[in-house]
Amino acid sequence: MFLNSNPQLNKNGELHHLLSIEGLPVEILRQILDTAQSFVGVTQREVKKVPLLRGKAIFNLFFEPSTRTRTTFEIAAKRLSADVINLAINISSQSKGESVLDTVANLAAMQADMFIVRHGQSGAPYLIARHVGEDIHVINAGDGRHAHPTQGLLDMFTIRHYKQDFTRLRVAIVGDILHSRVARSQIHALTTLGVPELRVIGPKTLLPSNVDNLGVHVYHDMAKGLKDVDVVMMLRLQNERMQGSFLPSPQEFFKFYGLTADKLALARPDAIVLHPGPMNRGVEIDSDVADGSQSVILPQVTFGIAIRMAVMSILAGN
Amino acid sequence: MTAIALPDAEKLLAALTAQMRPHVSAQTGLIGIVTGGAWLAERLHSSLKLKVPFGTLDVSFYRDDFEGKGLKHKVMPSEIPFEVEGRDLILIDDVLYTGRTIRAAMNELFDYGRPASIRLAALVDRGGRELPIAAQFVGTTLDASPQYSIDLERDERGRLQLVLQPKK
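Keep in mind that this is a model prediction, so the values were computed, not measured. Throughout, a residue's number is its position along its own chain's written sequence, starting from 1. Both sets of labels track the order of writing: A upward for chains, 1 upward for ligands. Only residues with pLDDT of at least 70 are given local features in this predicted model, and only at 80 or more are side-chain atom pairs given and counted; all residues enter the totals for whole chains, interfaces and linings.

1. Concerning the overall build of chain A
Okay, so step 1: Counting secondary structure elements, chain A contains 11 helices and nine strands.
Okay, so step 2: Over its C-alpha atoms chain A spans a radius of gyration of 19 Å, differing by no more than 12% from the 20 Å that the globule rule assigns to 318 residues.
Okay, so step 3: When its C-alpha atoms are laid out on the principal axes, chain A stretches across 55 × 45 × 45 Å.
Okay, so step 4: Taken across its 318 residues, chain A has 48% of its residues classed as buried. A helix here means a DSSP run of H or I that spans at least four residues, while a strand means a run of E at least two residues long, and both kinds are numbered starting from the N terminus. Radius of gyration: C-alpha atoms only; globule rule: 2.2 Å multiplied by the number of residues to the exponent 0.38. Think of it as a crowd count around each C-beta: if 20 or more other C-beta atoms lie within 10 Å the residue is buried, if 12 or fewer it is exposed, and in between it is partly exposed, with C-beta placed from the backbone throughout.

As structure tokens, this is what we get:
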């Protein structure tokens, strides 16, 4: 009964769509991380391709701009030998008034096997997943403030790569939690994988009012929040999602919450620094840290390809 | 069907090693197909005293039954710690049956480079081929009903054993 209530799982409890990390059993998260580990090897070979999804048509449906996520999904699909069709919807039929579901129905009629959906409205990928035929898979590539599961998973892969065991870690997520779908996916993933101490650090105006319910410790002071953490997960300050006055100025934000070498020194000496990109240097992160020895920001991008290959191939096989 | 007595895997491995010995050189690359073939490759590598480290292959991403079965089992990373290009290779599998695994393994190998040659060694050849594939080195041949699978197991002391069990 519980399994059937999760729209991401099929009747056997297997992953059919990836819409959110929330509610996914830990076994599925581990399966994705383990499968991604095997794909890392593939991307280091002479021929960086496997024939797994040969003949499948994967549509990148981006209703909101994105470079990194769209490109890494495209590379991942191509490395699985799928055919990828990129649609930037704001410049196609949507501007002529076609509804999202009409767009999707038309693409499904073109024999699509999978949709990768990025949308400004929370829940849009759920709407699409409910209306497509049961042989079509949907992956959420970021919806509004809600979720960005593949980003959360690639962050987990990166943490596991450098720190191995989640159950011994102290992790801090820093910055604009309120507007961040990345933060929500990270919190669900870290909690599911058994991180014992999860902290969020940010100004009151950028933390959701119910954030304590997610099982995290809330800090408003970087000096206290970063003390002895193993992993620092920075978030982008989301200017485009802010209406009204959440902050006095980016300079003010940097002074209190920007990650500098001085602030990072409060974390454990072997702490790693993640950022989902694109970075606002000098707003949430200082260049010395972003390009420094503790930064794993570029490996995150590389691992993102392996994670997306893993998610696509697991979905296609279920 | 009546149970058939399975031969001792350790004796078969000794026979296989003796067969292969005159046909390997210092530069031969052994590649074991996970998991049984990888255990065999490890043992063969040590008893044949080969210089080149042995490789392991998980053919999950190349299987022809992905459409029906998906990625259910845990996939292990393939690791080939030597240059495949131009090398004489020997693929090692525990049980040779339909030949589909070997087809997948050869496809994967060619994505690492163009080997000079590929030969095949199997501890057990149980017939039943569905593809034109033959092994050059064979521990033994066995005839078993299609309802049964023959699997290689390894205990905690590293001893190998063949088991016959009904297919799941």
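2. A closer look at the sheet that holds strand S2 (residues 55-57) of chain B
All names here are of chain B.
Okay, so step 1: Within the open sheet, the five strands sit side by side as S2-S1-S3-S4-S5. Their pairing is parallel. What marks the edges here is a single partner per strand, and that holds for S2 and strand S5 (137-141). The sheet shows a mean angle of 25° between the axes of neighbouring strands, direction not considered.
Okay, so step 2: Here strand S1 (residues 29-33) pairs with S2 via three bridges, running parallel. The partner of Gly 32 across the bridge, within S2, is Thr 56.
Okay, so step 3: The contact criterion used is a C-beta to C-beta distance within 7 Å, with each C-beta placed from the backbone. Orientation is described by axes fitted as lines to C-alpha atoms, over the contacting stretch for helices, and by angles from 0 to 180 degrees between their N-to-C directions. Each of S1, S2, strand S3 (88-96) and strand S4 (117-125) is contacted by helix H2 (residues 36-47), which is oriented at about 150° to S1, the strand it contacts most.
Okay, so step 4: Taken strand by strand, helix H4 (residues 100-110) contacts S1, S2, S3 and S4, and its axis lies near 155° from that of S3. In short, DSSP must find at least two bridges between two strands for them to pair.

3. Points about helix H1 (residues 26-42) of chain A
All names here are of chain A.
Okay, so step 1: To estimate how far a helix should extend, the number of its residues minus one is multiplied by 1.5 Å. The end-to-end C-alpha distance of H1 is 25 Å, a good match for the 24 Å that 17 residues give at a rise of 1.5 Å each.
Okay, so step 2: For H1, the set of buried residues is Leu 29, Gln 31, Ile 32, Leu 33, Thr 35, Ala 36, Gln 37, Ser 38, Phe 39 and Val 42.
Okay, so step 3: Where the residues of H1 are buried, they touch helix H2 (68-79), helix H5 (149-163), helix H6 (181-192) and helix H11 (297-317).

4. Observations regarding unusual backbone geometry
Negative phi is the rule for most residues except glycine; trans is the rule for most peptide bonds.
Okay, so step 1: Here the amide bond leading from Gly 277 of chain A into Pro 278 of chain A is cis, since omega sits at -10°, within 30 degrees of zero.
Okay, so step 2: Along the chain, Pro 278 of chain A falls in the loop between strand S9 (272-274) and helix H10 (287-290).
Okay, so step 3: The linkage connecting Val 34 of chain B with the following residue, Thr 35 of chain B, adopts the cis geometry, with an omega of -5°.
Okay, so step 4: Despite not being glycine, Gln 164 of chain A has its phi angle at roughly 60°, a positive value.
Okay, so step 5: The residue Gln 164 of chain A is located in the loop between H5 and strand S5 (170-174) in this model.
Okay, so step 6: On the neighbour-count criterion, Gln 164 of chain A (9 C-beta atoms within 10 Å) is exposed.

5. Observations concerning the sheet that holds strand S6 (residues 197-201) of chain A
All names here are of chain A.
Okay, so step 1: Spatially, S7-S6-S5-S8-S9 is the arrangement adopted by the five strands of the open sheet, whose pairing is parallel. Of all strands in the sheet, those bounded by a partner on one side alone are strand S7 (217-219) and S9. Within the sheet, the average angular offset between the axes of one strand and its neighbour, ignoring direction, is 20°.
Okay, so step 2: Here S5 runs beside S6; their pairing, made up of five bridges, is parallel. The residue of S6 that forms the bridge with Ile 173 is Val 200.

6. A closer look at the nonpolar core
All names here are of chain A.
Okay, so step 1: Only buried Ala, Val, Leu, Ile, Met, Phe, Trp, Tyr and Cys residues enter a nonpolar core, and they are joined through C-beta atoms within 7 Å. Membership of the largest hydrophobic core comes to 142 residues, with the highest contact counts inside it found for Phe 115 and Val 232.
Okay, so step 2: Per element, the largest residue contribution to this core is 12 residues, and it comes from H11.
Okay, so step 3: Either an automatic procedure or a domain database provided the assignment from which the domain bounds are taken. Both domains that meet at this core, namely domain 1 (26-147 + 302-317) and domain 2 (149-296), each give it at least three residues.
Okay, so step 4: Residues within four places of Val 232 in sequence aside, it is in contact with Ala 172, Val 174, Leu 226, Leu 259, Leu 264, Ala 267, Ala 271 and Val 273.

By themselves these figures say nothing about function.
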